[in-house]
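# Understanding the architecture of this molecule
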Amino acid sequence: MLDFLDIRTIAFIYFFLSTLLSVLYLLLCAGRRSYPGSFALGMSIFIISQSFILFTLQKVIPDFFSIFLFNTFTLAGVSLTPIGFRLFLGLPPRYGYYALILTAASASIFYFSMINPIYLFRNFTLDIAYILLCGETCYILFTVYLKNLKLVSRVTGTVYLFITSFFLIRFSYFLSVKFPEFNYMADAPAGEFKFFAVSTMLVALVSSVGAIFCFMAMVITRLAGESRENEKKFGALFEHAPYPVALSDVSNGRIIDVNNKCLEIFESDKKNVIGKTSIELGIITPAQREEIVRTVANEKFISDFEIEFITRSGNALNLLLYSCMVEISGTSFLISAFIDNTLRFRYEKEILYSKRLLGEINAQKDSLLGVIAHDLLGPFSAVKEMNKLLINQYDDFGPAEIKSSLEQMNSSHDKAYALLENLLNWSRAAADKIVFKPVELRPFQIVENIKEHEKDRIISKKIKFLNRLEDNLAFYCDENMFYSILRNLIVNAIKYSRESGEIVVGSRDENNSII
């Protein structure tokens, strides 16, 4: 049974097939995301397959290469398997333990190959090492597994359970039978020894091929699981993002998906948004889209792009757009996020308005201070000159001249006092602190008082001032308010009248009202 199979031919087939599959697996790991341990798993099969080329050259090259190095490299490859799975599953690799097994087995193989060649003891060494290494691999795969990898881990563990069982059976059988004298596996005599020799090669071939496919299945399954997890995370992040987010096709601008916040701010639903462009929805203009696409194409992103949008309910929104380009399955998409800048935009406008208003108020204040300074300068200058004149010529003045000077000083004081009183009333009006107290007033006398206070200006401009109000005319009004208004009118009339002009203050009866 199996005597017709040539061991070297099987070894060569193993070398060719395992080398091809291991290289494909390593390329798969290199081309996709590389997981810890995946490279060690690929290299384990690759090293074993390369060692088999030494086996095919038994009796052609020295035994050191065809027996010792062949078995040492094979054990090294097998020892990489539990290391790779430990790294792949997040377990400590235990390098020292596997190095100890490899060193002890290599020393035994060297002794029973080069110093005292005994094929049986060499096989016992290999069987024990394979049972330890493959048995632990089987234990790891059956007891420790990642999420979504339970089934494929147990299938792979079954492969190594088969390998472990084979070498355990072989060890037990060789231990119980009388072993013939031969040094090379290829020289195994026909019968059960040839059967085990050929079976060893076939088990190695089938197990390696199965292991490679299991490795690939584990990597692909893990990638697929993580892809689904990432898709779920992205979906949750997309849907529950605190800002409006939209995904659109760069080529035609059609919206692929939007999150709930985006629907909320644009006051719409997915049925009316998906498949339409932002231009059709009125979010941006064609010119704005061209600018966005051009900027993103050149710089890969755009930020702080201002958009004004009117919602269905008529609310005016000021939005800031942030977009970047991503490629998914060879298609370019725009991921766009919007920040509602409406309140900030409104506050900025209010701040600008307040700033402009404050500038106008400051200008009015400066103008008012100039007018106040000018109006106060006249009365105080007159008082100053009168004081100076009285001091210098006191001895030359008689009682009548002194009295006249004091009357002029009193008039200047009254004018200054009246101006300050007007300022106080103005400040109260500005602070909304004026209290309205209507009393009976006779405007004739008020006009006369104002005329007397402004007598110097009237005389200096040779103005003819006529008070034609009736002496018995009376009405109810707040005295301070009426005085301030009337004085400002008269002062402005004096100020803007030509020299030798005429100012007339009068009244007339019209529609039962006095004007």
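What you are looking at is a predicted structure, and each value in this text was computed from that prediction instead of being measured. (Residues numbered from 1 in each chain as written. Predicted model: local features only at pLDDT ≥ 70, side-chain atom pairs only at ≥ 80, totals over all residues. Heavy atoms only, no water.)

Of all hydrophobic cores here, the largest spans 59 residues; its most connected members are Tyr 25, Phe 52, Leu 75, Tyr 160 and Phe 215. Of all the secondary structure elements, the ones that give two or more residues to this core are helix H1 (7–31), helix H2 (38–55), helix H3 (63–88), helix H4 (95–115), helix H5 (119–143), helix H6 (150–176) and helix H7 (192–239). If sequence neighbours within four positions are ignored, Phe 215 has contacts with Tyr 25, Leu 41, Ser 44, Ile 45, Thr 81, Phe 85 and Tyr 160. Ile 265, Phe 266, Ile 307 and Phe 309 belong to the second-largest nonpolar core, a separate cluster that totals 22 residues. (Core = buried A, V, L, I, M, F, W, Y, C linked by side-chain atoms within 4.5 Å. Buried < 20%, exposed > 50% of the residue type's maximum accessible area, 1.4 Å probe, protein only. Helix = DSSP H or I, 4+ residues; strand = E, 2+ residues; numbered from the N terminus. Contact = heavy atoms within 4.5 Å.)

Quick look at the layout of surface pockets now. When its volume is computed, the second largest pocket comes out at roughly 400 Å³. Lining of the second largest pocket is provided by 28 residues; of these, Ile 255, Ser 278, Leu 281, Ile 283 and Phe 338 occupy positions nearest its centre. Every element with two or more residues in the lining of the second largest pocket is listed here: strand E1 (245–249), strand E2 (255–258), helix H8 (260–266), helix H9 (286–299), strand E3 (301–310), strand E4 (316–328) and strand E5 (331–340). Tallied by class, the residues present in the lining of the second largest pocket amount to 18 nonpolar, seven polar and three charged. (1 Å grid on protein atoms, 1.4 Å probe; cavity = no way out; pocket = protein on both sides within 12 Å on 5 of 7 lines; lining within 4 Å. Points joined across faces, edges and corners; volume = space filled by probe spheres on them. Nonpolar A, V, L, I, M, F, W, Y, C, P; charged D, E, K, R; others polar.)

We now examine the sheet that holds E2. Strand order in this open sheet of five strands is E2-E1-E5-E4-E3, and the pairing throughout is antiparallel. What marks the edges here is a single partner per strand, and that holds for E2 and E3. Averaged over all pairs of adjacent strands, the angle between their axes in this sheet comes to 25°, without regard to strand direction. Bridge analysis of E1 against E5 gives five bridges, and the strand direction is antiparallel. Paired with Ser 248 across the two strands is Leu 334, which belongs to E5. Contacts between H9 and the sheet are confined to E1, E3, E4 and E5, with E3 contributing the most and set at about 165° to the helix. (Pairing = 2+ DSSP bridges. Axes fitted to C-alpha atoms, helices over the stretch in contact; angles between N-to-C directions.)

By the definition in use, this model includes two cavities of 30 Å³ or more. One number sums up the size of the largest cavity: a volume of about 460 Å³. Breaking the lining of the largest cavity down by element, the ones donating at least two residues are H2, H3, H5, H6 and H7. Broken down by class, the residue content of the lining of the largest cavity amounts to 20 nonpolar, eight polar and two charged.

Residue position: Asp 249 is located in strand E1. The side chain of Asp 249 is buried and forms no salt bridge, while Arg 289, the nearest opposite charge, is found at 7.1 Å. Among the polar contacts made by the side chain of Asp 249, one reaches the side chain of Ser 251 at a distance of 2.8 Å. Once residues lying within four places of it in the same chain are set aside, the contact partners of Asp 249 are Arg 254, Ile 256, Arg 289, Thr 331, Ser 332 and Phe 333. (Lys, Arg positive; Asp, Glu negative; His and termini not counted. Salt bridge = Lys/Arg side-chain N within 4 Å of Asp/Glu carboxyl O. Polar contact = N/O pair within 3.5 Å; in protein donor to acceptor, adjacent residues only side chain to side chain.)

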